[in-house]
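# Structural features, examined
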Amino acid sequence: MNKKELRKKYKELRVALSEETIEDESLAIANRLLSIDIWDKTYFHLFLTIEEQKEIDTEFILQILAGKDKEIVVSKSNFSTLEMTHYLLTDNTKFKKNNYNIPEPIDGLEVPVSKIDVVFVPLLAFDVKGNRVGYGKGFYDKFLANCKPETIKIGLSLFEAEETIDDVSGNDIQLDFCITPNKTYTFS
């Protein structure tokens, strides 16, 4: 399937999920993350859940990161440049939902991309080679292209891998891992 078909398929599959299922599957994903060798890293970039899109609930991962005393980085999107600005999450960080219902920090201490060690990547679908399909704006591909080569890219998915994504382009950045409720996929 191509990206457009996969976006449609997985948006429809998400709509069918109950809040309870999303919560249970999100907890399973967070627990599965504990077995990956990433916990010696310092700066972790985490996307915040768009509830209206029935995304994985990243609150469980947030709690793990806070419990392990990691530096947590969250982003604000600029829809004219299709780029993100990254901020350190602190007790004082205040959030506001943008026009796409993405919770974003209003302001804060900016973190350069070069500091980020691990990125949890949102996605709609992914394949067995580590390619992903997002919402189509390219925010994460731009962001990941600017990360240092050793930055670990971890996709989070409520669904298992597709065999292949037919229209992968040169701008698409592959994942190192993808975590689902039932499986850990390793690509690197």
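The following paragraphs examine the structure supplied in this document.

About the thresholds
Residues numbered from 1 in each chain as written. Predicted model: local features only at pLDDT ≥ 70, side-chain atom pairs only at ≥ 80, totals over all residues. Heavy atoms only, no water. Buried < 20%, exposed > 50% of the residue type's maximum accessible area, 1.4 Å probe, protein only. Helix = DSSP H or I, 4+ residues; strand = E, 2+ residues; numbered from the N terminus. Arc of directions from axis to C-beta. Contact = heavy atoms within 4.5 Å. Core = buried A, V, L, I, M, F, W, Y, C linked by side-chain atoms within 4.5 Å. Axes fitted to C-alpha atoms, helices over the stretch in contact; angles between N-to-C directions. Parallel < 35°, antiparallel > 145°, perpendicular 65-115°, else oblique. Left-handed = near helix turned anticlockwise from the far one by under 90°. Nonpolar A, V, L, I, M, F, W, Y, C, P; charged D, E, K, R; others polar. Polar contact = N/O pair within 3.5 Å; in protein donor to acceptor, adjacent residues only side chain to side chain. Pairing = 2+ DSSP bridges.

Moving on: helix α3 (residues 59-67). For α3, every residue scored as buried is listed here: Ile61, Leu62, Ile64 and Leu65. Around the axis of α3, the buried residues are gathered within 160° of arc, so they sit on the same side. In this structure, the buried residues of α3 make contact with α2 (19-33), β1 (43-45), β2 (71-78), β6 (118-121) and β9 (152-156). Backbone geometry just after α3 places aspartate 69 at a positive phi near 60°.

The next subject is the nonpolar core. Membership of the largest hydrophobic core comes to 53 residues, with the highest contact counts inside it found for Leu33, Ile38, Ile61, Phe120, Ile154 and Leu156. Beyond its immediate chain neighbours, meaning those up to four positions away, isoleucine 38 contacts Phe44, Val118, Phe120, Ile152 and Ile154.

So, about the environment of leucine 144. Checked against the element boundaries, leucine 144 lands in helix α4 (residues 139-145). Through-space distance from the C-alpha of leucine 144 to that of isoleucine 50 is 20 Å; in sequence the pair is 94 residues apart.

Axis separation between α2 and α3 bottoms out at 8 Å; the angle between their running directions is 30°. As the angle between them shows, α2 and α3 are arranged roughly parallel. Seen along the crossing, α2 lies across α3 with a hand that is right-handed. On α3, the residues that touch Glu23, Ser26, Leu27, Ala30 and Leu33 of α2 are Phe60, Ile61 and Ile64. Here the contact of α2 with α3 is built from residues that sort into 6 nonpolar, 1 polar and 1 charged.

Bringing the side chain of aspartate 117 into the picture now. Tracing the chain through its elements places aspartate 117 in the loop between β5 (103-105) and β6. Among the polar contacts made by the side chain of aspartate 117, one reaches the main-chain amide nitrogen of threonine 42 at a distance of 3.1 Å. Only 2.9 Å separates the side chain of aspartate 117 from the backbone nitrogen of tyrosine 43, close enough to count as a polar contact. In this structure aspartate 117 touches Lys41, Thr42, Tyr43, Lys148, Glu150, Thr151 and Ile152, once residues within four positions along its chain are discounted.

Before going further, it helps to spend a moment on the sheet that holds β1. Pairing is mixed across the open sheet formed by 7 strands, whose spatial order is β3-β2-β1-β6-β9-β10-β11. Looking along the sheet, the strands with just one partner apiece sit at the ends: β3 (83-88) and β11 (184-186). Neighbour-to-neighbour, the strand axes of the sheet open up by a mean angle of 25°, direction not taken into account. The strands touched by α3 within the sheet are β1, β2, β6 and β9, with β2 carrying the most contacts at an inclination of about 135°.

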